[in-house]
Each structure stands twice: as C-alpha cells, then as structure tokens.
Amino acid sequence: MSSDLAIAHQSSPRPGLKIPGHIGVIMDGNGRWAKARGKPRTEGHIEGVNALRRMVELCIRYGVGHLTVFSFSSENWARPRDEINFIFSLLRRFVASDLQKLIAHNVRVRIIGAREGLDDSLRRLIEDVEAKTARNTGLNLHVAFNYGSKAEITEAVRHIARAVAAGELLPAEINEGTVERALYTSGIPDPDVIIRTSGEQRVSNFLLWQGAYSELVFVEDNWPDFDEHTFLRVLDEYAMRERRFGGVEVARQ
Ligand code: FPP
C-alpha cells in the first residue's frame with residue numbers, strides 16, 4: 001500500500017461551488033470493484049484506502065471542515081474472520097503510513113464507534129492518533145470504526161438514564177441537546193451531505209440522528225473509483241438541493 005497523501009495546496013477550487021461544512025461517506029463497493037477485476041476482495045479494500053486518501057486531500061483542498069467515513073460497521077462483524085482482520089490491519093497500516101502527513105496537513109483525527117470489542121493494541125493506537133492530532137485545526141477526519149448508529153443511540157440513552165438514576169438530571173430536563181452531547185459525535189456539527197457509493201440507496205445505520213436533515217447523494221461509482229470528478233458531481237448535486245430544514249424556505253446554511 002503506497003503512502004501518497006499529497007495535498008496540492010496550489011490548485012484553487014472551482015468558483016461558485018457550495019462547499020459543505022461536513023461530508024459523511026458510506027464507502028461502499030470495494031468488494032464489487034475487486035470482483036469486476038477478478039481480484040480478491042482485499043484488493044478492493046486496499047484501493048478503498050487509496051480512495052480515502054484522495055477524499056482527505058479533496059476535503060483539504062476544497063475547504064471542507066469535517067469528513068466522516070464509515071470504515072467498519074457494527075454489522076461488519078458478520079463478515080468472514082479473515083476479511084475482518086484485514087480491515088483492522090488496514091486501519092493500522094493507514095495510521096502507520098499516513099499519520100505524519102495528516103499531522104503535517106493540520107488534520108485532526110477522531111475515531112467514532114464502540115471501543116468494546118477492539119483489542120488493547122488497537123485501542124492504544126486510536127488513543128495515540130487522537131492525542132497526536134488533537135490540537136490540529138484544519139480538516140476534522142472522523143473515522144467511524146466499529147460504529148453503528150443504533151448502538152450509539154442506545155449507549156447515549158444508557159448514559160442519560162444513569163445520570164437520571166444518580167439524581168443528576170430530571171427526565172423533564174432531557175432535550176435534544178442532552179442526547180447530542182451523549183453521542184460519539186458530541187460537539188461535531190451534523191453532516192450537510194451524506195454520500196453513498198456503489199449505487200446502493202440506504203443509510204445502513206450511519207449517523208441516523210446526525211443525518212436527520214442531511215442531503216443524501218447516491219453515486220454509481222464503487223468507492224475505489226471515487227475521484228475529484230465524482231466529488232465535484234456530488235458538490236454540484238448538493239448545490240442544487242434546496243435546503244429547508246422542515247420550514248418553507250432556506251432557514252440556515
Ligand atoms: C465497503 O465495501 C467497505 C467496507 C465495509 C470497509 C472497508 C473500508 C475501507 C477499506 C476504507 C478505509 C478503511 C480504513 C480502516 C481506514 P464492501 O466490502 O461492502 O463492498 P461490496 O458491497 O461491493 O462487497
């Protein structure tokens with residue numbers, strides 16, 4: 001796997017583009033990309049990491065504030081053990097090969113998802129990446145790993161219930177802010193747009209609460225093929241959507 005996170009700061013974004021503050025991505029189709037080329041699924045995941053690098057570069061160049069990528073879902077535990085191990089090894093390799101470049105480009109990395117079920121060395125790696133990038137103020141890269149929205153909301157409910165049981169909170173005091181603060185994404189703005197690649201049109205337990213008003217953009221390309229051309233098509237689609245947030249006119253940007 002090559003380490004080629006190379007950000008071309010000199011190229012200027014297309015004028016007139018509407019840049020989302022937060023993009024979520026369901027990176028789907030690695031397996032199909034590989035199958036179409038007669039390659040093992042693992043090759044598709046390797047190319048998936050390269051596409052992730054491209055996406056990080058694009059978000060930096062175009063000034064996107066937050067990027068959240070779905071890299072391992074709670075449901076992915078149902079995959080063959082070998083494939084699970086491979087995806088876990090990809091996270092380690094991504095960190096090993098790209099951490100210094102991410103730091104150099106002022107990227108803050110956070111891993112959102114359940115830490116239970118991850119072995120100690122992976123937990124330490126996650127803590128290390130988060131600590132080493134915690135002061136960075138550029139792109140916020142959120143890697144959803146061992147993430148599932150229903151599990152996240154369930155955990156938030158448990159957290160709030162404990163506070164109520166301890167007498168720290170009255171049920172009547174619970175509002176949307178209470179729930180938001182108990183989610184993994186506490187303090188992170190909601191995604192403006194959620195992209196899913198590979199032609200599938202589902203949200204698959206990704207940012208269900210946070211994505212309540214996100215624009216959903218489905219693209220036919222498999223994730224390993226995602227490039228600047230696809231990125232710009234998504235931004236064009238996003239710019240065309242009228243955003244009402246339940247009101248009758250654009251209430252906020
Ligand atoms: C979707 O393709 C991809 C995944 C389930 C996870 C793998 C994600 C990556 C390799 C990107 C970066 C990962 C890390 C850890 C930084 P699929 O296998 O569901 O494809 P298919 O639907 O065509 O079978």
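Before reading on, note that the structure itself is shown above.
Residues numbered from 1 in each chain as written. Predicted model: local features only at pLDDT ≥ 70, side-chain atom pairs only at ≥ 80, totals over all residues. Heavy atoms only, no water.

(A) Local environment of the site of the ligand. The immediate surroundings of the ligand are formed by 16 residues, with M27, G31, R32, R41 and R79 found nearest. Within the contact set of the ligand, an oxygen atom lies 2.8 Å away from a side-chain nitrogen or oxygen of R79. Summarising the interface, the protein chains cover 92% of the accessible area of the ligand, which totals 610 Å² for the free molecule. A molecule is said to occupy a pocket when more than half its atoms come within 2 Å of that pocket's grid points, and by this definition the ligand occupies the largest pocket. When residues of the shell around the ligand are traced back to their parent elements, those giving at least two are α1 (30-36), α2 (41-62) and α3 (81-104). Counting residues per element, the shell around the ligand draws most heavily on α2, at four residues. Of the residues that constitute the shell around the ligand, the class distribution is six nonpolar, six polar and four charged. (Near = heavy atom within 4 Å. Polar contact = N/O pair within 3.5 Å; in protein donor to acceptor, adjacent residues only side chain to side chain. Areas by Shrake-Rupley, 256 points an atom, 1.4 Å probe, with all protein chains shown as cover. 1 Å grid on protein atoms, 1.4 Å probe; cavity = no way out; pocket = protein on both sides within 12 Å on 5 of 7 lines; lining within 4 Å. Sits in = over half its atoms within 2 Å of the grid points. Helix = DSSP H or I, 4+ residues; strand = E, 2+ residues; numbered from the N terminus. Nonpolar A, V, L, I, M, F, W, Y, C, P; charged D, E, K, R; others polar.)

(B) Examining the packing of aromatic side chains more closely. Overall, the coordinates contain eleven aromatic pairs when judged by the stated rule. Here F72 and F88 contribute two aromatic rings whose centre-to-centre distance is 5.1 Å and whose plane-to-plane angle is 85°, an arrangement assigned as edge-to-face. Taken together, the residues F72 in strand β2 (residues 66-73) and F88 in helix α3 connect sequence positions 16 residues apart. Both residues of the pair, F72 and F88, belong to the buried class. Site record: aromatic cluster; members linked through ring pairs are F70, Y147, Y184 and F206. Across from the ring centre of Y238, 4.8 Å away, lies the NZ or CZ of K18, which sits over that ring. (Phe/Tyr/Trp six-rings, centres within 6.5 Å; stacked < 30°, edge-to-face > 60°. Buried < 20%, exposed > 50% of the residue type's maximum accessible area, 1.4 Å probe, protein only. Lys NZ or Arg CZ within 6 Å of the ring centre and 35° of its normal.)

(C) Examining the environment of L235 more closely. Within the fold, L235 resides in helix α7 (residues 228-240). A relative accessible area of 0% places L235 in the buried class. On a C-alpha basis, the gap between L235 and F88 in space is 31 Å, while along the polypeptide they are 147 residues apart. Setting aside anything within four residues of it in sequence, one finds L235 in contact with L17, K18, I19 and P20. (Contact = heavy atoms within 4.5 Å.)

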